[in-house]
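Overview (structure and organization)
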Amino acid sequence: MNQMAIAALKNQYKSFVQSMFDEGVLDNQFSQLQDLQDSSNPNFVDEVITLFCNDAERIITEMNRYLNYQNVDFSKLDSHVHQLKGSSSSIGAHRLKLACVNLRQASYERNKEECVEAFNSIRHEYCLLRSKFQFLMQIERRIVALENNQQ
């Protein structure tokens, strides 16, 4: 019974990840991340996603703070968006990375209105990504729990 449940969950996981690739939410960097997970570290992807989300939320909060100032410090804003772009790129969050590129361009042009629009796009892409990652992690945890019960 557990074998069938594990197989079904693994198929669901694989299909969901594929849909994220098809939608452009993820790129091949995420596949490389998955390749680093093995039996010696079965929670690797879960841990990396958790760290990414915690870091992204902190950075997004900081960027929001800078954009709410009357006079935006574009260099500080750019520093934060550069961090988020790097983190997004390393985890394979393709659409979030592209949204960061747009904010960096608006920041470079010192255009507050475009920065706000680009930032809203970042928030939207991050919320979408986070909810999809949360669903993936739920499936992953169920697989690990079932596999551990078999041992």
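Residues numbered from 1 in each chain as written. Predicted model: local features only at pLDDT ≥ 70, side-chain atom pairs only at ≥ 80, totals over all residues. Heavy atoms only, no water.

**Describing the environment of Thr-61**
With respect to the element layout, Thr-61 can be found in helix α3 (residues 44-67). Sequence separation between Thr-61 and Gly-92 is 31 residues, and the spatial gap between their C-alpha atoms is 21 Å. A distance of 2.8 Å separates the side chain of Thr-61 from the backbone oxygen of Glu-57, its partner in a polar contact. (Helix = DSSP H or I, 4+ residues; strand = E, 2+ residues; numbered from the N terminus. Polar contact = N/O pair within 3.5 Å; in protein donor to acceptor, adjacent residues only side chain to side chain.)

**Here's the deal with helix α6 (residues 112-150)**
Because each turn of an α-helix spans 3.6 residues, side chains separated by three or four positions in sequence point in the same direction. Here α6 contains 39 residues, and its C-alpha end-to-end distance of 56 Å stays within 8% of the 57 Å for a straight helix at 1.5 Å per residue. Looking at where α6 begins, the residue whose side-chain oxygen comes 3.2 Å from the main-chain nitrogen of Glu-113 is Asn-111. (Expected span 1.5 Å × (residues − 1).)

**What to know about the packing of helix α2 (residues 28-35) against α3**
To characterise two packed helices, one gives the angle between the axes of the helices and the distance between these axes. Where α2 meets α3, the axes come as close as 8 Å, and the angle between the chain directions of the two elements is 130 degrees. By the angle class used here, α2 and α3 are oblique. The crossing of α2 and α3 is right-handed. Together, Phe-30, Leu-33 and Gln-34 of α2 and Phe-44, Val-45, Val-48 and Ile-49 of α3 make up the contact between the two elements. In terms of residue class, the contact of α2 with α3 is made up of six nonpolar, one polar and no charged. (Axes fitted to C-alpha atoms, helices over the stretch in contact; angles between N-to-C directions. Parallel < 35°, antiparallel > 145°, perpendicular 65-115°, else oblique. Left-handed = near helix turned anticlockwise from the far one by under 90°. Contact = heavy atoms within 4.5 Å. Nonpolar A, V, L, I, M, F, W, Y, C, P; charged D, E, K, R; others polar.)

**Focus on the side chain of His-80**
Its location among the elements puts His-80 in helix α4 (residues 74-91). Exposure remark for His-80: the relative accessible area of 12% places this residue in the buried category. (Buried < 20%, exposed > 50% of the residue type's maximum accessible area, 1.4 Å probe, protein only.)

**Quick look at helix α1 (residues 2-22)**
End to end, α1 covers 30 Å across 21 residues, agreeing with the expected 30 Å (1.5 Å per residue, within 8%). If you check which residues of α1 are buried, you get Ile-6, Leu-9, Tyr-13, Phe-16, Val-17 and Met-20. Looking straight down α1, one finds its buried side chains confined to an arc of 100 degrees; they lie on one side. The exposed set on the far side of α1, more than 90 degrees from its buried face, consists of Gln-3, Met-4, Asn-11, Lys-14 and Asp-22. Buried residues in α1 make contact with α2, α3 and α6. Gly-24, located one to two residues past α1, shows a positive phi value of around 80 degrees. (Arc of directions from axis to C-beta.)

**Remarks on the state of the cysteines**
Under the defined criterion, the tally for this structure stands at zero disulfides. Take Cys-115: it sits in no disulfide, and the sulfur closest to it among the cysteines is that of Cys-100, at 12 Å. Cysteine Cys-127 is unpaired, with the sulfur of Cys-53 as its nearest cysteine sulfur at 10 Å. On the basis of relative accessibility, which here comes to 38%, the residue Cys-127 falls in the partly exposed class. (Disulfide = S-S within 2.5 Å.)

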